[in-house]
Amino acid sequence: MSPLRAGKVFKDLLSFLTIIPLGGKEDFIFTTAANMWLFPVVGGFIGLLGSLYHLLSSNITILLLNLAGTYVALPSFLGAIIPAAMTIAFLLVLTGLQHFDGLIDLGNALGLRNLHDRKMKAHAWTVSYAGAVLAFAVECAAVVGLFLINPLFAFSAIILAEVSAKLAMVTIVWIGKPSHKGLGSIFLSKAKKPQNAIAYLLSAIIIYPIFYFTGYATIGLMAMGLMFISVPIAFVMSRVSNQVFGGVSGDMIGATNETTRAAILILFALLLMVMTV
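Predicted, not measured: the structure shown is a model, and the values here were computed from it. (Residues numbered from 1 in each chain as written. Predicted model: local features only at pLDDT ≥ 70, side-chain atom pairs only at ≥ 80, totals over all residues. Heavy atoms only, no water.)

(A) Inspection of the environment of Phe-30 at higher detail. The topology assignment puts Phe-30 in helix α2 (residues 28-34). Note on Phe-30: relative accessible area 44%, which makes it partly exposed. Note: C-alpha distance between Phe-30 and His-99 (69 residues apart in sequence) is 19 Å. (Helix = DSSP H or I, 4+ residues; strand = E, 2+ residues; numbered from the N terminus. Buried < 20%, exposed > 50% of the residue type's maximum accessible area, 1.4 Å probe, protein only.)

(B) Seen up close, the nonpolar core. Membership of the largest hydrophobic core comes to 74 residues, with the highest contact counts inside it found for Phe-39, Ile-207 and Phe-268. Of all the elements, helix α8 (residues 151-175) adds the most residues to this core, at 14 residues. (Core = buried A, V, L, I, M, F, W, Y, C linked by side-chain atoms within 4.5 Å.)

(C) Highlighting unusual backbone geometry. Phi is positive for Leu-97, which is not a glycine, with a value near 60°. Mapped onto the fold, Leu-97 is located in the loop between α4 (78-94) and α5 (98-109). You can call Leu-97 partly exposed: its relative accessible area is 41%.

(D) The arrangement of the pattern of salt bridges in detail. Inspection of the entire model under this criterion finds four salt bridges. Note that Arg-261 and Glu-139 form a salt bridge whose closest N and O atoms lie 3.8 Å from each other. Taken together, the positions of Arg-261 in helix α13 (residues 250-276) and Glu-139 in helix α7 (residues 129-148) put the pair 122 residues apart, joining distant regions of the chain. With relative accessibility at 8%, the residue Glu-139 sits in the buried group. Glu-162 serves as the salt-bridge partner of Arg-261, at 2.5 Å between the closest nitrogen and oxygen. Pair noted here: Arg-261 is in helix α13 and Glu-162 is in helix α8, with a separation of 99 residues, a long-range link. Owing to a relative accessible area of 1%, Arg-261 belongs among the buried residues under this scheme. Residue Glu-162 is classed as buried on the basis of its relative accessible area, which comes to 0%. In the salt-bridge network here, residues are joined through shared partners; they are Glu-139, Glu-162, Lys-166, Glu-258 and Arg-261. (Salt bridge = Lys/Arg side-chain N within 4 Å of Asp/Glu carboxyl O.)

In short, the description is geometric, and any link to function would need to be established separately.
Spelled out as structure tokens, the structure:
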């Protein structure tokens, strides 16, 4: 791939996965689908932005809490929970809420008996009680996971979660069948390529050095193990999608991203707790 071509591909991937205004051309959807194996690389970049935001918001929050602490006693956990919530919100906004919308649409469809009704409800411009609860629960889980992570590893954990989330998206597209014609079906037809296997190698190449060069090689190996948990998560989400929508939809690809991020943050927090006992 020439440097010029590589630059266009990366720009198109960012245009699709974020709200960063890069002026992608009309074919950027097809370019993105054909190069979905590069999603973990973009996930690493998104995670880096999220990590930097978390670092900045943590410092500002601590400064403001220290100032407020001279007037009123405040709980110490606010110094960690506020940046965690702000960071997850930042990631949702950075990705244009498109994956978050997938969670809502999945929740909207749950509980309906008829397949046609489930598909129609998922595409309606409404938010049901079930949709709101599901989306809120998943994002709250992500916030709690980040809150519980030792601050020494928060920077790396956010990158780990984003790379894992994008790897889960690659996996569900690779194994799934389309539920209907739409954005999801474009990916399911264009992205079923042998080079998708490279996404798993790229993910490991991104994750392990982050921990190794900060002096936590053992935790880096365990982090890679957690990263590959995104694969069974994608299989579970594919199964859920087949039962709810009769196949994998664009909404379910997005819901898989959000679910995987939350799961990896929770599991990484638990892993660190176990290792420090």
